[in-house]
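If you want the building blocks of each chain, they are given just below.
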Amino acid sequence: MSGRVTHEMEIGSGPSSRRHTQPSSHIHKVERPPQQNLLTEFQTVIKETFFHDEPLKAFQGQKSHTRFFLVLKAIFPILEWARSYNLEKFRGDLIAGLTIASLCVPQDIAYAKLANLDPQYGLYSSFVPPLIYAFMGSSRDIAIGPVAVVSLLIGTMAQNEIDPKKNALAYRRLVFTATFFAGVTQFALGFFRLGFLIDFLSHAAIVGFMAGAAITIGLQQLKGLLGITNFTKKTDIISVMHSVFGTVHHGWNWQTIVIGLSFLAFLLLTKYIAKKYPKLFWVSAIAPLTSVIIATFCVYITRADKEGVAIVQYIKKGINPSSAHEIYWTGDLLLKGFKIGVVAGLIALTEAIAIARTFAAVKDYNVDGNKEMVAMGTMNIVGSMTSCYVATGSFSRSAVNFMAGCNTAVANIVMSCVVLLTLELITPLFKYTPNAVLASIIIAAVVPLVDIPAAILLWKIDKFDFLACMGAFFGVVFKSVEIGLLIAVAISFAKILLQVTRPRTAVLGRLPGTFVYRNVEQYPNATTVSGILIIRVDSAIYFSNSNYIKERILRWLSNEEEDLKINGRPRIKYLIIEMSPVTDIDTSGIHSFEELHKTLQNRDVKLVLANPGAIVTEKLHASEFTKKIGEDMIFLTVADAIEMLSPRIKELP
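Analysis parameters
Residues numbered from 1 in each chain as written. Predicted model: local features only at pLDDT ≥ 70, side-chain atom pairs only at ≥ 80, totals over all residues. Heavy atoms only, no water. Helix = DSSP H or I, 4+ residues; strand = E, 2+ residues; numbered from the N terminus. Buried < 20%, exposed > 50% of the residue type's maximum accessible area, 1.4 Å probe, protein only. Contact = heavy atoms within 4.5 Å. Areas by Shrake-Rupley, 256 points an atom, 1.4 Å probe, with all protein chains shown as cover. Axes fitted to C-alpha atoms, helices over the stretch in contact; angles between N-to-C directions. Parallel < 35°, antiparallel > 145°, perpendicular 65-115°, else oblique. Left-handed = near helix turned anticlockwise from the far one by under 90°. Nonpolar A, V, L, I, M, F, W, Y, C, P; charged D, E, K, R; others polar. Core = buried A, V, L, I, M, F, W, Y, C linked by side-chain atoms within 4.5 Å. 1 Å grid on protein atoms, 1.4 Å probe; cavity = no way out; pocket = protein on both sides within 12 Å on 5 of 7 lines; lining within 4 Å. Points joined across faces, edges and corners; volume = space filled by probe spheres on them. Pairing = 2+ DSSP bridges. Polar contact = N/O pair within 3.5 Å; in protein donor to acceptor, adjacent residues only side chain to side chain. Expected span 1.5 Å × (residues − 1). Phe/Tyr/Trp six-rings, centres within 6.5 Å; stacked < 30°, edge-to-face > 60°. Lys NZ or Arg CZ within 6 Å of the ring centre and 35° of its normal. Right-handed = clockwise from strand over helix to strand, strands pointing away.

Draft legend 1. Inspection of the overall build of the protein at higher detail. The number of helices and strands found in the protein is 26 helices and eight strands. Of all 653 residues assigned to the protein, the portion counted as buried reaches 52%. In the protein, 81% of the contacts between residues at least 6 apart in sequence involve partners at least 24 apart. Total accessible area computed for the protein in this model is approximately 30600 Å², and 63% of it derives from carbon and sulfur atoms.

Draft legend 2. Local environment of the packing of helix 4 (residues 87-114) against helix 17 (residues 410-426). Viewed as axis vectors pointing N to C, helix 4 and helix 17 meet at an angle of 45°, and their least axial separation amounts to 7 Å. Judged by the inter-axis angle, helix 4 sits oblique to helix 17. The chirality of how helix 4 crosses helix 17 is right-handed. Side by side, helix 4 and helix 17 meet where F90, D93, L94, A96, G97, L98, I100, A101, C104 and V105 of the first sit next to V410, A411, V414, M415, V418, V419 and T422 of the second. A per-class count over the contact of helix 4 with helix 17 returns 14 nonpolar, two polar and one charged.

Draft legend 3. Quick look at the nonpolar core. Counting residues in hydrophobic clusters, the biggest one holds 120 residues, and the most contacted among them are I142, I154, F209, I217, I347 and M376. In terms of residue count, the dominant contributor to this core is helix 14 (residues 332-363) (12 residues). Contact partners of I217, with chain neighbours within four places excluded, come to L114, A148, V149, L152, I442 and V446. Listed in part, the 49 residues of the second largest apolar core include I532, A610, I629 and M644.

Draft legend 4. Spatial organisation of the layout of surface pockets. Quantified by volume, the largest pocket comes out at close to 1600 Å³. Forming the boundary of the largest pocket are 49 residues, of which F395, S396, A399, P448 and L449 lie nearest the centre. Looking at the lining of the largest pocket, the elements with two or more residues in it are helix 4, helix 7 (148-159), helix 9 (203-220), helix 12 (254-276), helix 13 (281-302), helix 14, helix 16 (395-403) and helix 18 (435-446). Examining the composition of the lining of the largest pocket, we find that eight residues originate from one element, helix 14, more than from any other. A breakdown of the residues in the lining of the largest pocket according to their chemical character gives 34 nonpolar, nine polar and six charged. By volume, the second largest pocket amounts to about 1200 Å³. If you trace the second largest pocket, you find 43 residues lining it, with K113, N116, K165, K223 and N435 closest to the centre. Listing elements by their share of the lining of the second largest pocket, those giving two or more residues are helix 4, helix 5 (119-124), helix 7, helix 8 (168-191), helix 10 (222-226) and helix 18.

Draft legend 5. Seen up close, unusual backbone geometry. In this structure, N116 is a non-glycine residue whose phi angle is positive, near 65°. Of note in the backbone geometry, R303 takes a positive phi value of approximately 50° without being a glycine. Relative to the assigned elements, R303 resides in the loop between helix 13 and helix 14.

Draft legend 6. Structural view of the sheet that holds strand 4 (residues 517-519). Read across the open sheet, the six strands follow the order 4-3-5-6-7-8; overall the sheet is mixed. Strand pairing shows two members of the sheet lacking a second neighbour, strand 4 and strand 8 (634-635), which therefore form its edges. Looking at chain direction, strand 6 (residues 574-578) and strand 7 (residues 606-610) are connected through five bridges and run parallel. By the bridge assignment for strand 7, I576 is matched with V608. In this fold helix 22 (residues 546-567) packs onto strand 3 (505-510), strand 5 (532-537) and strand 6, with an angle of close to 150° to the strand it touches most, strand 5. Across the sheet, helix 23 (residues 587-602) touches strand 6 and strand 7, and the angle it forms with strand 7 is around 140°.

Draft legend 7. Structural view of the environment of D93. Within the fold, D93 resides in helix 4. According to the relative accessible area criterion, D93 is buried, its value standing at 0%. Linking D93 and M415, residues 322 residues apart in sequence, is a C-alpha distance of 9.7 Å. Those residues in contact with D93 that sit more than four places away from it in its chain are Y85, G405, C406, N407, T408, V410, A411 and V414. A polar contact of 2.6 Å, which involves the side chain of D93, links it to the side chain of Y85.

Draft legend 8. Spatial organisation of helix 14. Compared with the 46 Å implied by 1.5 Å per residue over 32 residues, the 47 Å span of helix 14 between its first and last C-alpha is a close match. A positive phi of about 60° marks D364, the residue just after helix 14.

Draft legend 9. Inspection of the side chain of T392 at higher detail. Mapped onto the elements, T392 comes out in strand 2 (residues 392-393). For T392, the side chain forms a polar contact with the main-chain oxygen of A348, separated by 2.7 Å.

Draft legend 10. Molecular detail of the packing of aromatic side chains. Considering all chains together, one arrives at 15 aromatic pairs under this definition. Consider the rings of F474 and F478, whose centres lie 5.9 Å apart with planes at 35°: the pair is tilted. Here F474 and its partner F478 are both found in helix 20 (residues 463-478), four residues apart, which amounts to about one turn of the helix. By relative accessible area, F474 is classed as partly exposed at 41%. Each member of the aromatic cluster is reached from another via a ring pair, and the members are F180, F181, W329 and F338. Over the ring of W459 we find K463, and its NZ or CZ is 4.6 Å from the ring centre.

Draft legend 11. Molecular detail of empty space enclosed by the protein. A complete count under the given rule lists one cavity of 30 Å³ or more for this structure. Considering only enclosed or pocket space, the largest cavity measures out at about 30 Å³ in volume. Forming the boundary of the largest cavity are L201, I206, F209, M210, I347, T350 and E351. Going through the elements one at a time, helix 9 and helix 14 are the ones with two or more residues in the lining of the largest cavity. Residues belonging to the lining of the largest cavity are distributed by class as follows: five nonpolar, one polar and one charged.

Draft legend 12. Fine view of helix 23. Across its 16 residues, helix 23 extends 23 Å between first and last C-alpha, which sits within 8% of the 22 Å expected from 1.5 Å per residue. Residues of helix 23 that are buried: G589, I590, S592, F593, E594, L596, H597 and L600. Its buried side turned inward, helix 23 meets helix 22, strand 6, strand 7, helix 24 (614-622) and helix 25 (625-629). Residue D604 follows helix 23 closely and has a positive phi angle near 60°.

Draft legend 13. Quick look at the pairing of strand 6. The buried count for strand 6 comes to five of five residues, which makes it a mostly enclosed element. Burial along strand 6 is two-sided: the face carrying Y574, I576 and E578 and the face carrying L575 and I577 are both buried. Where strand 5 meets strand 6, five bridges bridge the pair, whose relative direction is parallel. By the bridge assignment for strand 6, R536 is matched with E578. Between strand 6 and its parallel partner strand 7, the chain crosses via helix 23, and the hand of that crossover is right-handed.

Dropping the structure here:
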C-alpha cells in the first residue's frame, strides 16, 4: 500500500478500542414478500427515471373541471402567467421584441442561405414557430428562430442527398421532411419523458462541436465575403482552403471584399462595445440591420452589382404558404429526411434546453425540460407544414432579449409580428442587399461559439473531457459536421462506459483523533488498523464492472499483504468493504461477491460489509449471501466494524 500511510495502530489501543456491543450495529433483514420487493423496486425505478418531478401530483384530489383546466395549463403555460400580465410587463416585452426583430431579420436571410434555401424561408421560420412557442413554451427569455449551427447541419446533410441548385424543389421538400421528423423527435422525447437522453451528449463534446461548427460556418462564408462564384460543396477545412486559394487570381472580387470586411469589422466592433459596456447591448443588436440598410443603399446608388458584387436579388413577398403537400410521406427520401431530422432535432433541442436553463437560473425560475421538448416539437411539426425549416432557441437573440428587459414569451409574439410586416411590406427592399454583408453577419454571429476559456477549463479539470472536446472539434473542422457529431457522441459514450466499467476503489484509514475513515491517498495522515484492510467501492456493482471490482479488491489485498510481509507486520485477517456509495447491485455483482468470499476463505481472510444501502441489503438477503458470510459480518459503519473486530484479531492465530 502507499508509503504515505503512517504507521499502523496497535490493536486495542487508542480511540478505536471502544466497545459497543449493541446489536443495533448490525444490519438486519426487513421481511417483505419477494413480489412486493420486486414491484416496489420497479415502481421506484420508473418514478425516478420518468416521473421524478411528480407531474400528476397537482391533479390529485381535484374535480373534473379543475383537472381539465390544469391539463390546459400544462399544455399551454401562457394560461398560467397571462392572468398576472400587465401593461408594465408588456412595455418590456415590446421593447425586447422590437430589438430582437431588428437582429433576426438580417440573420434569418443569411441563415437561409447557409441552409441552401431562398431567403424568405429564414423569415418564415421566425414567424410561425415563435408564435407557437409563446403559447406552449415555459421559458420567458428564449428567442426562437433559425440558428447558424442547425442551418449548416441541414444544409450539408441535405445537399449530400440532393443538389439544391439542380433540383431546388426536391431539395426543399427534403428539408421540410427533415423538419417534420425533427419536430416528431423532439415531441416524442418530451411526451414520453425521455429528455434525459440528450444528456448523453456531454458539455465537453458540445463545446468542441459548437466551436468546430463555428469555424466551418465561417469558412463557408468566405464564398460570399470574397465574391467567389465556384465554391466547393465540401465543408472540411482542406477542401475549403483549396477552393479559396485556387481562385485567388481570377475568382475574388475586390468590391465584395471591401464591403464584407468593412461591415465585419463594424459588427465585431459593436460586439466588443456591447461586451465591455453591457448597457449598450442595443448597439450590437441593431448593428446587423444597420449594416444591411447601409450596404443595400450603397450597392443601389453605386450599382455595384454591375461590377460583380453578388446581391440577394429577390425575396418572395407574403406570409408562409402551406407545405404539407411537399413533405415526403413515402420512398427513399422519407428515410433520408428522417435521418437528417433526428440529428438536426437533437442538436437543436440540446442548444435550446441549454439556453433556456441558463437564463432561468439567472432569473430564478424553473424550466420544465419535457414541456420545452413538446413545445419545440410542436412548433417544428407545424413549421414543416408552413414552409419553415428547423427552428430552435438562438443564444445571440436570447441574450439580446434578456438584456432588453423581456418579461415573458410575448417578446416572441412581438418579433413574429415584425417579421410578418417584413414579409408583407419590406422584402422587395432587400433586393440589392449584397451577399457579402450577409456573410459578415453570419461570421460575427458565430464568433462567440468558439469558447476558448471553456476549452482551457476542460483541460485543467478533466483531460478526458478535453479529449472529447478536441475530438468533436477536429472531426467537424477536418471532416464534416456529421462526423464531428458522431465523434462527440462516441467519446461521450466511451467516457460513460469507462466510468461504469472501471469504477474507483480506495483504501481507507482512520483520521487521527476521530472515528472517521477516509481515502489514504487523499489524507496521507490517515492510519490503518493492524490486521484489517478497509476498501471503499465508489459505484453501483453491475455485470459490467463486477469482475473488475473483484479483481481490484484482490489486488489491493495482495499489495497490502506484500507490504506487511516485507515490514514483518501481522497479516490481514479481515477485509471490510465500505458500501455506502454502492447504490445498487445485480446478480452478477452478487456472484462476484460470492467468488470473492471463496477466494478470501482460501486465504484465511474474512469478508465484512459496512453500511450497504436498503436495496443492496435486500438483494444480499434474497440471494442468501448474508448467510454465507454470516449475519454478524454486516455492520452499519466502518467504525462499528472496527470496534467489533479488533478484539477478535488477538484471539486468531
